[in-house]
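Given next are the chains, with one letter for each unit.
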Amino acid sequence: MANMTLIGAVNDALKTALREDPSVLVFGEDVGKKGGVFLATDGLQAEFGADRCFDTPLSEDGIIGTAIGMAMNGLKPVAEIQFQDFIFPAFDQIVSEAAKLRYRSGGQYTAPMVIRTPYGGGIRGGLYHSQSGEAYFCHTPGMKVVIPSTPYDAKGLLLAAIADPDPVLFMEPKALYRAVKGEVPEGHYTVELSTTRNVREGDDVTVVEKAADMAAEKGISVHVVDLRTLLPLDESAVVEAAKKTGRVVTVTEAPRFCGYAGEISAIVAERAIEYMEAPVVRVTGFDTPFPNTLEHHYLPDARRVIDAIEKVANF
Amino acid sequence: MANMTLIGAVNDALKTALREDPSVLVFGEDVGKKGGVFLATDGLQAEFGADRCFDTPLSEDGIIGTAIGMAMNGLKPVAEIQFQDFIFPAFDQIVSEAAKLRYRSGGQYTAPMVIRTPYGGGIRGGLYHSQSGEAYFCHTPGMKVVIPSTPYDAKGLLLAAIADPDPVLFMEPKALYRAVKGEVPEGHYTVELSTTRNVREGDDVTVVEKAADMAAEKGISVHVVDLRTLLPLDESAVVEAAKKTGRVVTVTEAPRFCGYAGEISAIVAERAIEYMEAPVVRVTGFDTPFPNTLEHHYLPDARRVIDAIEKVANF
Amino acid sequence: MTITDLSSILDGPAQAEGFDPGISDEELLHCYRTMQLVRAFDDICLKLQRSGRIGFSIPNKGIEATQVGAASALRKDDWFFPSYRDFGMAMYHGVDPTDMMHNMFGNSLDTARGRQMPVHFSFTDPIHFVSISSPLGTHVPQAVGAAYAMKLRGEDKVALASFGDGSTSTLGFHSGMSFAGVWKAPVIFLCQNNGYAISMPSHEQTASSSYAIKGKAYGVPGVRVDGNDLLSVRAAVAEAAERARAGEGPTLIEAVTFRMGGHSTSDDPSAYVPDSEFAEWRDKDPIDRFERFLIQRGTLDVAEPELIYADCLAQVDAASKAAQATAPPALETIFSDVYAEIPDHIRSQGQAAFELAGRLGEAAAGDGAFPL
Amino acid sequence: MTITDLSSILDGPAQAEGFDPGISDEELLHCYRTMQLVRAFDDICLKLQRSGRIGFSIPNKGIEATQVGAASALRKDDWFFPSYRDFGMAMYHGVDPTDMMHNMFGNSLDTARGRQMPVHFSFTDPIHFVSISSPLGTHVPQAVGAAYAMKLRGEDKVALASFGDGSTSTLGFHSGMSFAGVWKAPVIFLCQNNGYAISMPSHEQTASSSYAIKGKAYGVPGVRVDGNDLLSVRAAVAEAAERARAGEGPTLIEAVTFRMGGHSTSDDPSAYVPDSEFAEWRDKDPIDRFERFLIQRGTLDVAEPELIYADCLAQVDAASKAAQATAPPALETIFSDVYAEIPDHIRSQGQAAFELAGRLGEAAAGDGAFPL
Ligand SMILES: Cc1ncc(C[n+]2csc(CCOP(=O)(O)OP(=O)(O)O)c2C)c(N)n1
Ligand SMILES: Cc1ncc(C[n+]2csc(CCOP(=O)(O)OP(=O)(O)O)c2C)c(N)n1
Ligand SMILES: [Mg+2]
Ligand SMILES: [Mg+2]
């Protein structure tokens, strides 16, 4: 066990995978000599050589396109997209190719690969270094989408993603990179994909995703579920948690309209509406691009989450 | 008035716009000499010349990227993407650029333009000539997303989209291109964006989007709402319709997970849950890529819609 | 642009007395027969489409030499990343036309399990003929990635990415060429310049003086060959493969050819291809030219072509009958192969679909095996 | 790659006795002063960033001649599609450093209304300096579209798209060059080859022999100039602009220069730029070289540079103070400018935010004006 930051756990997972499996490769923009703009790949090129950890030309389409070809042909690419905001030039490769290759070839060709990318706000990145684009990929059958929120999960989920037979988008909450620390086992272990984590048990309101402790002080008992894998989602866990309290608040940073939080609401409205004692509420980023100076007003932080919890609890 | 198909109405709208406004241009792959693979732009190059209706190199990124530049600089581009399935190479230009230009420049630069594209199944197009990707764009603040379902609406909405100061994705249901006919006024008229259309009045179940007449025969009175503009949505109209019957079924062809139908469920669960007398149900494409031979099982057709209406009515 | 300025073996060296193509007669005949098989397949597909039995097909008339010439220069363990207008490559290496017909009908024996449109083949045996995708250009960087894997493992293999003139404008062309140049990946880029991208003439697609010259932007050598000359294409690809296997990196080959028909069975080229252009190219038919060469050197008897074509037709016809007699895919094929394992939400959607189909009496034979 | 093989005016013709640059002294001095202003702006931004008053800035040291040389060859009614490392172009044409500082602080007078990161400028007056986007390369086809509009209306204007060496690998470069070539659009592509794309050395970015040669793939003439020589860049851009205005289409200019520091204030180049490379380029500082030229020809007095720089510093310092004294944007700026008119759903989200901020006592001065 070692006490690590979330980004340290990512780095450790990559090292573990590179050591264990010679078919694993790590590449992307600036991941080699520089070790990544956030230093997630620090030290990898030095330890594993420039054949297995290397920089690429400035083309996300090329990064993902070549990764798919590698994955088809026996390698296990772990590609980095420097910011999730810059994944869109590779959207066609992800949505049309990685996600559909197994299906369209009847399983003859597959793309087992991992796309790691930092996402989310909180670093004063403005429109293009802050976005949370999970919904685009969660609407894409064939993709898996994973978001860790603790160092332990980051390493275990990343190793599970690398071992997975399907393409996985691994979204790293960059605001948490160095903000959270925790115990992380040495060597190989995995956290099973498509399982949720109960962050906190409670009876009054179910909060889906990460949330605050402050509501409890106001006498509301909050049950918090961290989804960990957004797709394929463990829907039953969400439905059970919703039924338990009869009140649901979902929190995501992305814009609300057609976002992931809406999917949670829809699942609840379809499978547990008889249990609901209050509106199913979403606390999300606004339906605007991501601002810069005022990002603290944009983010669905504790103040907004608590406000929603109180409203739902007192409905 | 003339009796026209939906694609005829699109063609008529384009001609009307080209005639009225010298800044309007129509371009894309094969829209010139050939008049488009569906013939939506038939005759335009002959009438308006190759300066105003022309073919482009095979790059959707180039089509949308140049359209944005034209729109910034006083032209009114109406770009065609041959199939919505092929819009993804232009995803970055749409999501990062067209949608965010006004915001990031404080209104100094804007991209008033229309992207027309045929979408949806029903033509045995398999994975890549059948998709309904509206959710990707509806999760993108700054975009408008419009879908007509009658010839009258097709012309009026397209002319409204062309006159709109914001970028509009105009998705044409290709299965309806020649399957529906209707009266269409000559010359200029518009159908206001962000207004819904009550296709049919009823009391028992509200069906959002296009649906069947058959449920009525089974003694269920169905209220059908055609959204027409998916973003910005006239949410109040949806909420009112939901409250009226207390039972809601939403129909879309796209995969369910994180799709547009879920947004409707979420709005209802947030704003009208007290009125609901049954689960809010989605009838959608499955969470798989679009198949070919079995597409009739994949599509949310009348059999599946009626099944859902009955379940909800009898809940 | 005329093709006379191109390096052509059939029109050049092959005209000389005693010319030795360096290829066995058996191999020459296999190439010839494969071209005829492609044409027979096309002809039958056209009939099937016109009679409504299949929805769509893509004709190859005029470009058979490019496909077959390229395939003949490569080995069975090389990887093919084809376009939809390349299936002669698969035929050359022994893919059975019956397996291709299963795809045309999207039936239960289709390797794509009826999920793709016709002509979107996928094979792993006897060659890696990688699942064809409709979005253009995406396979180009994929071929480079597959080639990187070969290189990393020290294998003696190459990847071929084949695409049309129009596809050079896609992002995949740009990224694939960029990465291949930098990585010196063992990949061959074959640009089939067949005159048009649907209705867009090749000379309006780009202002560059040729497609081959585009290699300059990526440090990738570019060559331009007569695409209607099987020997020229074969020679160019053979040389590129040799370079690639020797670690010298990628090559871009422009094969100048012509699509002697519409883009697909849904397309009418008369709106945009001048008659004169068809007439000009008719004289350069790649099968006729190769046939004349084989007859001239005595490899083929004047009477044989007709017999060979008839034999190919019969083979394809039998394939088509077999495919038509095969059941459509089972309902479960909608829900499987999205992931390695079917996740809960897809499983329950499948169960609902199966239940509904059963209730409405629509479940087909085989649907009972629904393994959800 | 050394820059000595490049066409350079300062090192070449300008060395000759009686050389006439064909530019007025006033104009030469304006160029010089603008380069100093860029450097002063950089220097002050670095201090502001190090002291935590701004979050981020992008240094321009070493590439001032490329920016200012290019701008000086264009007119005020031309359109600029810049990268984030181009603001000298705006300064040259008279954008006030105070307006730029408002952006660095993202305050209420920022034209981007505090929505963008620092250095992402947008101006319409006195020039069209089009809103800078972080995603690389996207502005390249946009410049081509804007140029198409100019051409269609028969205007005598050009668009300039400026980008780094790394950005030539993006899709936007490929599509923009393709379309411009075919359309003969009046656009100038300026590739600032400054040695690196963050940590990626320019010679690993592509296997092509230069960036200028990439024009061949698109039928766009490519030229390569000494980017640390203001006169060379100016001459190349002037010629390209003349061609464009005459209807002869686009030009790709590679300006070979060097980024004398990190990619941004967040970057430490010591991990990937060898010291020797910095040393080599230090001697080629574009301001020093131009300064020597001006002093030699008597346009500038030896004592002036220091005064000019001090003057620029004072101007920028005043700008920075003014920006710091300006209030942050009002809360409503989150919700406006998404669309021309605020739609209902955004309006109600804004109302909720405003209500909450009010309740928690967080509403700032100006928020009361929330026009929702
Ligand atoms: C990304 C993308 N855009 C558009 C299309 C529609 N489309 C199908 S084939 C084709 C033309 C292709 O031309 P070319 O690359 O020259 O190949 P050819 O058909 O001539 O062999 C087009 C535009 C597509 N399949 N993918
Ligand atoms: C599409 C995209 N991918 C990645 C990035 C992250 N990024 C920002 S600057 C940069 C390097 C750009 O290099 P170059 O084009 O040479 O410009 P320079 O910074 O050297 O002026 C990268 C990779 C981005 N902004 N956009
Ligand atoms: Mg072609
Ligand atoms: Mg650079």
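Residues numbered from 1 in each chain as written. Chains lettered and ligands numbered in written order. Predicted model: local features only at pLDDT ≥ 70, side-chain atom pairs only at ≥ 80, totals over all residues. Heavy atoms only, no water.

A few words on the coordination of the magnesium ion (ligand 3). Residues and elements named next belong to chain C. Bound to the magnesium ion (ligand 3) on the protein side are Asp165 (OD), Asn194 (OD1) and Tyr196 (O), at distances that span 2.0 to 2.1 Å. Here the donor residues of the magnesium ion (ligand 3) are spaced in sequence according to D-x28-N-x1-Y. Note that Asp165 is positioned in the loop between strand S3 (159-164) and helix H6 (171-183) and Asn194 in the loop between strand S4 (187-193) and strand S5 (196-197), a separation of 29 residues in sequence. An identical accessibility class is assigned to Asp165 and Asn194; each is buried. (Donors = N, O, S within 2.8 Å, 3.2 Å for Na, K, Ca; no water. Helix = DSSP H or I, 4+ residues; strand = E, 2+ residues; numbered from the N terminus. Buried < 20%, exposed > 50% of the residue type's maximum accessible area, 1.4 Å probe, protein only.)

With that settled, the discussion passes to the site of ligand 2. Ligand 2 sits among 19 residues. The nearest are Glu60 of chain A together with Tyr84, Arg85, Ser167 and Tyr196 of chain D. At the site occupied by ligand 2, nearby residues are drawn from chains A and D. Contact between ligand 2 and Arg85 of chain D: an oxygen atom at 2.7 Å from a side-chain N or O atom of the residue. Burial of ligand 2 by the protein chains amounts to 96% of its free accessible area of 590 Å². (Near = heavy atom within 4 Å. Polar contact = N/O pair within 3.5 Å; in protein donor to acceptor, adjacent residues only side chain to side chain. Areas by Shrake-Rupley, 256 points an atom, 1.4 Å probe, with all protein chains shown as cover.)

Accessible area lost upon the coming together of the parts is a frequently used measure of interface size. Residue and element names in this part refer to chain A. Under the domain assignment used here, chain A contains domain 1 (2-184) and domain 2 (197-313). Interface area for domain 1 against domain 2, summed over the two sides, is near 1,800 Å², with a carbon-plus-sulfur share of 56%. A per-residue breakdown of the area domain 1 buries against domain 2 is headed by Arg124, Cys138 and Ile147, which together make up 25% of the total. Connecting domain 1 to domain 2 are two salt bridges. For Arg197, the salt bridge is made with Asp153, and the minimal N-O distance between the two is 3.4 Å. (Domains from an automatic or database assignment. Buried area = accessible area lost by both parts, 1.4 Å probe. Salt bridge = Lys/Arg side-chain N within 4 Å of Asp/Glu carboxyl O.)

Of the residues lining the interface, 52 residues belong to chain A; the matching set on chain B comes to 52 residues. Here chain A meets chain B over a buried area of about 4,600 Å², counting both sides, of which 66% is carbon and sulfur. In this structure, the connection of chain A to chain B is made through six salt bridges. Residue Glu235 of chain B is joined to Arg256 of chain A by a salt bridge in which the shortest nitrogen-to-oxygen separation is 2.8 Å. Looking at the side of chain A that touches chain B element by element, the count peaks at eight residues for helix H10 (residues 260-271) of chain A. Class assignment of the residues belonging to the side of chain A that touches chain B gives a composition of 32 nonpolar, nine polar and 11 charged. (Contact = heavy atoms within 4.5 Å. Nonpolar A, V, L, I, M, F, W, Y, C, P; charged D, E, K, R; others polar.)

Moving on: the domain arrangement of chain C. For chain C, the assigned domains are domain 1 (13-324) and domain 2 (331-372). Measuring from the centre of the C-alpha atoms in domain 1 of chain C to the corresponding centre in domain 2 of chain C gives 37 Å.

Residues and elements named next belong to chain D. The protein atoms that coordinate the magnesium ion (ligand 4) are Asp165 (OD), Asn194 (OD1) and Tyr196 (O), at distances spanning 2.0 to 2.1 Å. Counting the intervening residues between successive donors of the magnesium ion (ligand 4) yields the motif D-x28-N-x1-Y. Take Tyr196: its relative accessible area is 6%, and that puts it in the buried class.

Around ligand 1 there are 19 residues in total, and Glu60 of chain B together with Tyr84, Arg85, Ser167 and Tyr196 of chain C lie nearest to it. The residues that come close to ligand 1 belong to more than one chain, namely chains B and C. The contact in question runs from a nitrogen atom of ligand 1 to an N or O atom on the backbone of Ser134 of chain C, over 2.9 Å. At 2.9 Å from an oxygen atom of ligand 1 is found a side-chain nitrogen or oxygen belonging to Asp165 of chain C. Calculation on ligand 1 without its partners gives an accessible area of 590 Å², and the protein chains cover 95% of this total. Here the residues of the shell around ligand 1 are counted per class, giving eight nonpolar, seven polar and four charged.

Let us now look at the interface of chain B and chain D. Tallying the contact residues gives 42 residues for chain B and 43 residues for chain D. Between chain B and chain D lies a buried interface of about 3,500 Å² when both sides are counted; carbon and sulfur atoms form 61% of it. At the boundary of chain B and chain D, one finds zero salt bridges. Sorting the residues of the side of chain B that touches chain D by element identifies helix H3 (60-72), helix H4 (91-98) and helix H5 (101-104) of chain B as the ones contributing at least two each. The element that contributes the greatest number of residues to the side of chain B that touches chain D is H3 of chain B, accounting for nine residues.

Counting residues in each nonpolar core, the largest one holds 244 residues, and the members touching the most others are Ile64 of chain A, Ile64 of chain B, Phe189 of chain C together with Phe189 of chain D. With sequence-adjacent residues up to four places away left out, Ile64 of chain A is seen in contact with Ala79, Ile81, Ala90, Gln93, Ile94, Met113 and Ile115 of chain A. (Core = buried A, V, L, I, M, F, W, Y, C linked by side-chain atoms within 4.5 Å.)

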